[in-house]
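Spelled out from the first residue to the last, the chains are:
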Amino acid sequence: GTPNTVDDVTIANVTIDAGASTQYALTISGSSAAYKSTGWRVTGCVITGGIKVVWADDVFVASNTITLPDAKALRVYRTSSRITIARNTIYQTNAALSYPSAIFVVGTGTDSAPADVLITGNSIFCNAPSSLGIRLEGILSASVVDNVLVGADSAFASASGVYVRTTNISQPIALVTILGNSIIGFGQRGVDIRGNLTATITKLRIIGNAIGENSPPQTIGV
């Protein structure tokens, strides 16, 4: 069989607590871009600690309560495709962290970038003033749809609810859709779009979001 992969796994209605550890509470992983695990479902769990998805396809993380006490996020990393993160309640609880992310989707270069990531219907609460609620960096494609993101309601330069950065000059981000989200209380921007040298985004859609409220500190919508 395929070396070092684990397929068709369901983890449902359990409690996973990393305790005092600063490692991930749960890792979903293959062994390389050529040998990826597939078909994982994590639903209805109470999880304290981050989740790491790397070299895996067809992963469904839904309806969990996830508490993030340290810098570990719900992270989708490297060549991972068709990842759905849906209807979770996520608490980033440590106000002392520097630029933590609740959900962090990140690639590392050409042909090593997540694709077809759907982040939908989540409620995300960030206590660190410098938080980046959902961070997409060096990816191929993702959709951020109908999430509620609540920041620390404290002024902090460069904090943002949804952060998108293209980093690879050889492989552009193909498509990011940011649709129907509610984003309040982040220190500067509701949605932050950034580049790196000549790296590009081929298509970006920001539609129908409710950004900001009547009080500071969120001073920039997009």
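The structure under discussion appears in the preceding block.
Predicted, not measured: the structure shown is a model, and the values here were computed from it. Positions within a chain are numbered from 1, following the residues in the order the chain's sequence is written. Reporting in this predicted model follows two pLDDT cut-offs: at least 70 for local features of residues, and 80 or more for side-chain atom pairs to be given and counted; totals over whole chains, interfaces and linings ignore these cut-offs and use all residues. Here the side-chain values reflect all heavy atoms present in the structure, with hydrogen atoms and water set aside.

Engineer: Please clarify how the overall build of the protein chain should be interpreted in this entry.
Structural biologist: We count a stretch as a helix when DSSP gives it H or I for four or more residues in a row; a strand needs E for two or more, and each element gets its number in order from the N terminus. The helix and strand tally for the protein chain stands at 0 helices and 23 strands. Computed over the C-alpha atoms, the radius of gyration of the protein chain is 17 Å, within 12% of the 17 Å expected from 2.2 N^0.38 for a compact globule of 222 residues. Judged by the C-alpha coordinates and their principal axes, the protein chain covers about 55 × 40 × 30 Å. For the exposure calls, accessible area comes from a 1.4 Å probe over protein chains only, and a residue counts as buried if that area is under 20% of its type's maximum, exposed if over 50%, partly exposed in between. Expressed as a percentage of its 222 residues, the buried residues of the protein chain come to 49%. Put simply, the radius of gyration uses C-alpha atoms, and a globule should come to 2.2 Å times the residue count raised to 0.38.

Engineer: For this particular structure, what's the right way to read the environment of S37?
Structural biologist: With respect to the helices and strands, the residue S37 is situated in strand β4 (residues 37-43). By relative accessible area, S37 is classed as buried at 0%. Taking the C-alpha atoms as reference points, S37 and A56, separated by 19 residues in sequence, lie 4.7 Å from one another. It only takes one pair of heavy atoms within 4.5 Å for two residues to be counted as in contact. When neighbours within four sequence positions are excluded, S37 is seen to be in contact with T5, V6, D7, S29, G30, W55, A56 and D57.

Engineer: Explain the nonpolar core here, please?
Structural biologist: I103, I119, I134, L136 and V162 are the most contacted members of the largest nonpolar core, which has 43 residues in total. When sequence neighbours within four positions are dropped, the list of residues in contact with I103 reads L74, I85, I90, I119, I124, G133, I134 and R135. Among the nonpolar cores identified, the runner-up in size contains 5 residues, and V54, A73, Y77 and V106 belong to it. Here the nonpolar core consists of buried residues drawn from Ala, Val, Leu, Ile, Met, Phe, Trp, Tyr and Cys, with membership extended through side-chain atoms lying within 4.5 Å.

Engineer: Is there a simple way to think about the side chain of S80 in this case?
Structural biologist: For S80, the location among the structural elements is in the loop between β9 (74-77) and β10 (81-86). If we skip the residues at most four places from it in the chain, S80 touches V53, V54, W55, A56, D57, A113, P114 and A115.

Engineer: How should I be thinking about the pattern of salt bridges in this particular structure?
Structural biologist: Where charged atoms from two side chains of opposite charge come close, those side chains can pair. Every case where a carboxyl oxygen of Asp or Glu lies within 4 Å of a side-chain nitrogen of Lys or Arg is listed as a salt bridge. Scanning all chains against the criterion turns up 8 salt bridges. For R41, the salt bridge identified is with D8, shortest N-O distance 2.7 Å. One end of the pair, R41, is in strand β4; the other, D8, is in the segment before β1 (9-12), and 33 residues separate them in sequence. The class of R41 is partly exposed, set by a relative accessible area of 29%. Among the salt bridges present, the one from R189 reaches D192, with a minimum N-O distance of 3.9 Å.

Engineer: Just to check I follow, could you spell out the pairing of β1 for this structure?
Structural biologist: Looking along a regular strand, one sees the side chains alternate between the two faces of the sheet. Going residue by residue along β1, you find V9 and I11 tucked away on one face and T10 and A12 left uncovered on the opposite face. In short, DSSP must find at least two bridges between two strands for them to pair. In this sheet, β4 lies alongside β1 in parallel orientation, the contact comprising 4 bridges. Looking at β4, one finds that A12 is bridged to T43.

Engineer: What's the story with the sheet that holds strand β13 (residues 115-120) in this structure? I'm lost.
Structural biologist: What links the strands of a sheet is backbone hydrogen bonding, and the strands pair in either a parallel or an antiparallel sense. Pairing is parallel across the open sheet formed by 8 strands, whose spatial order is β1-β4-β7-β10-β13-β16-β19-β22. In this open sheet, the two edge strands, each paired with only one partner strand, are β1 and β22 (204-207). Within this sheet the neighbouring strands show an average axis-to-axis angle of 5°, counted without direction. To obtain an axis, a line is fitted to C-alpha atoms, over the contacting stretch when the element is a helix, and the angle between two such axes runs from 0 to 180 degrees between their N-to-C directions.

Engineer: Would you explain the side chain of K36 in this entry?
Structural biologist: For K36, the position within the fold is in the loop between β3 (26-29) and β4. Discounting residues that sit within four places of it in the chain, K36 has contacts with T5, D7, G30, W55, A56, D57, T79 and S81.

Engineer: Looking at this model, I keep getting lost on the sheet that holds strand β23 (residues 210-211). Mind explaining?
Structural biologist: With parallel pairing, 8 strands are arranged side by side in an open sheet as β2-β5-β8-β11-β14-β17-β20-β23. Lying at the two open borders of the sheet, with one neighbouring strand each, are β2 (15-17) and β23. Pairing of strand β14 (residues 123-126) with strand β17 (residues 148-150) involves 3 bridges; the strand directions are parallel. Across the sheet, residue S123 finds its bridge partner in β17, namely V148.

Engineer: Please explain the packing of aromatic side chains as it appears in this structure.
Structural biologist: What describes a pair of aromatic rings is the distance from one ring centre to the other and the angle between the planes of the rings. In summary, the pairing rule links any two rings of Phe, Tyr or Trp, Trp by its six-membered ring, whose centres are within 6.5 Å, and it sorts them by plane angle into stacked for under 30 degrees, edge-to-face for over 60 and tilted for everything else. One pass over the structure, following the stated rule, counts 2 aromatic pairs. When the centroid spacing of 5.4 Å and the interplanar angle of 15° are considered together, the rings of Y91 and F125 count as stacked. Of this pair, Y91 sits in strand β11 (residues 89-92) while F125 sits in strand β14, and the two are 34 residues apart along the sequence. F125 gets classed as partly exposed once you look at its relative accessible area, which sits at 31%. Ring geometry for Y99 against F156: centres 5.6 Å apart, planes inclined by 80°, an arrangement best described as edge-to-face. Here the residue Y99 occupies a position in the loop between β11 and β12 (101-106), and F156 occupies one in the loop between β17 and β18 (160-165), the gap between them amounting to 57 residues. Judged by relative accessible area, Y99 falls into the partly exposed class, the value being 34%. The ring of Y24 carries K72 above its face, with NZ or CZ at 5.5 Å from the centroid. In this scheme, Lys NZ or Arg CZ marks a charge over a ring once it lies within 6 Å of the ring centre and within 35 degrees of the ring normal.

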